[in-house]
Amino acid sequence: VGKKVQAIYLWWHKPVIDKELLQSLPNLKVIANSGVGMDHLDLKLIASFGVKMANAPRAVSSSTADTGMALLLASARRLVEVHNISISPSMEYCEADILGVKIAGATLGIIGMGSIGYKIALRAKAFEMNILYHNRTQRKAQEEQAVGATYCKKIDSLLQQADFVMVVVSLTPQTHKLIGRRELELMKPTATLINISRGAVVDQEALVAALQTRVIRAAALDVTSPEPLPRDHPLLKLKNVIITPHLGIKTDKASYMITEEAVENILAALNGLPMPSEVLPS
């Protein structure tokens, strides 16, 4: 049926788009991705076959922002640790050992203030947090004022001030291992790193070392490299880490909206109309 296929809807990176598949689909016009990140696709290769590409930024931003805030809160109040205490047979604990971090008045540093990062800022404002952000371009003054966010032109300034650092960038050659040993050592020893972007944005070996030696307080990760981690990976053995299996967009409503957005882009491409969420190769 290769000659009949005009569109592909990717769900969780499947099917794999390679040269062999593209050659087998001579009438393919569009590939729609179920999510924002496109790092699993060779955009230049796809474009060389005259195939258009689209992602689903509108559908995923709210659910992913919720995931980011959930990880921040869970880490700050040590929810996984205290849950395990609460269901243990003895339920023995010292209150001093389960003290959390107060959210109100704390400083959140957002690395990547796109649509997801901005929605995180909206949520953080409701929790009375101070907000810093680092982005390739500064947001408009009225957008900053709406969430009370302060722009940090240099990432180092954000890292040195934030109590919570949340990474919300796309994975590109420029952001690969964006957070490494140097960046972790710039953070406060009481700070928490939260990653909801891609695992490879953080140098995991450097993160393990920083957590083991208390260079930073804790980490909350919705993404790792690889996914899932090998069962003997040192990150899985640390108490000051929360790891979730790339929950990001996984809600019933978001999944439905992603499909709607993909269909909208596919129909536009097949009818020669502008695609609402077209992604061009850089």
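Here the structure is a predicted model, which means the values were calculated and not measured.

Asker: Now, about the pairing of strand S2 (residues 30-33): what can you tell me, with residues and values included?
Answerer: Alternating positions in S2 separate into two faces, Val30 and Ala32 on one and Ile31 and Asn33 on the other, with burial throughout. Taken together, the 4 bridges between strand S1 (residues 7-10) and S2 define a ladder with parallel strand orientation. Residue pairing in the sheet places isoleucine 8 in a bridge with isoleucine 31 of S2. Once the chain exits S1 it traverses helix H1 (residues 19-24) before rejoining the sheet at S2, and the crossover so formed is right-handed. With 3 bridges connecting them, S2 and strand S3 (residues 52-54) associate as parallel partners. Paired with alanine 32 across the strands is alanine 54, a residue of S3. Of the crossover connections in this fold, the one passing from S2 over helix H2 (residues 43-48) to the parallel S3 is right-handed.

Asker: Before we move on, can you summarise the side chain of asparagine 240 with the specific residues and values?
Answerer: Structurally, asparagine 240 is set in the loop between strand S9 (218-221) and strand S10 (241-243). For asparagine 240, a relative accessible area of 11% gives the class buried. For asparagine 240, the side chain forms a polar contact with the main-chain oxygen of leucine 211, separated by 3.3 Å. Here asparagine 240 is in contact with Leu211, Arg214, Ile216, Arg217, Ala218 and Ala219, once residues within four sequence places are set aside.

Asker: Please give an account of the environment of alanine 104 that cites residues and values.
Answerer: One can find alanine 104 in the loop between helix H4 (79-86) and strand S4 (107-111). On the accessibility criterion, alanine 104 (31% relative accessible area) is partly exposed. Spatially, the C-alpha atom of alanine 104 lies 9.2 Å from that of lysine 125, the residues being 21 residues apart in sequence. Residues in contact with alanine 104, not counting those within four places in the same chain, are Phe127 and Glu128.

Asker: Account for the layout of surface pockets, naming residues and giving values.
Answerer: Size it by volume and the second largest pocket reaches roughly 410 Å³. Lining the second largest pocket are 17 residues, and of these Arg78, Glu81, Lys239, Asn240 and Val241 lie nearest its centre. Looking at the lining of the second largest pocket element by element, the count peaks at 4 residues for H4. Residues of the lining of the second largest pocket, tallied by class, amount to 8 nonpolar, 3 polar and 6 charged.

So, how was this worked out
Residues numbered from 1 in each chain as written. Predicted model: local features only at pLDDT ≥ 70, side-chain atom pairs only at ≥ 80, totals over all residues. Heavy atoms only, no water. Buried < 20%, exposed > 50% of the residue type's maximum accessible area, 1.4 Å probe, protein only. Helix = DSSP H or I, 4+ residues; strand = E, 2+ residues; numbered from the N terminus. Pairing = 2+ DSSP bridges. Right-handed = clockwise from strand over helix to strand, strands pointing away. Polar contact = N/O pair within 3.5 Å; in protein donor to acceptor, adjacent residues only side chain to side chain. Contact = heavy atoms within 4.5 Å. 1 Å grid on protein atoms, 1.4 Å probe; cavity = no way out; pocket = protein on both sides within 12 Å on 5 of 7 lines; lining within 4 Å. Points joined across faces, edges and corners; volume = space filled by probe spheres on them. Nonpolar A, V, L, I, M, F, W, Y, C, P; charged D, E, K, R; others polar.

Note that every value here comes from positions in space, so none of it alone points to a role or purpose.
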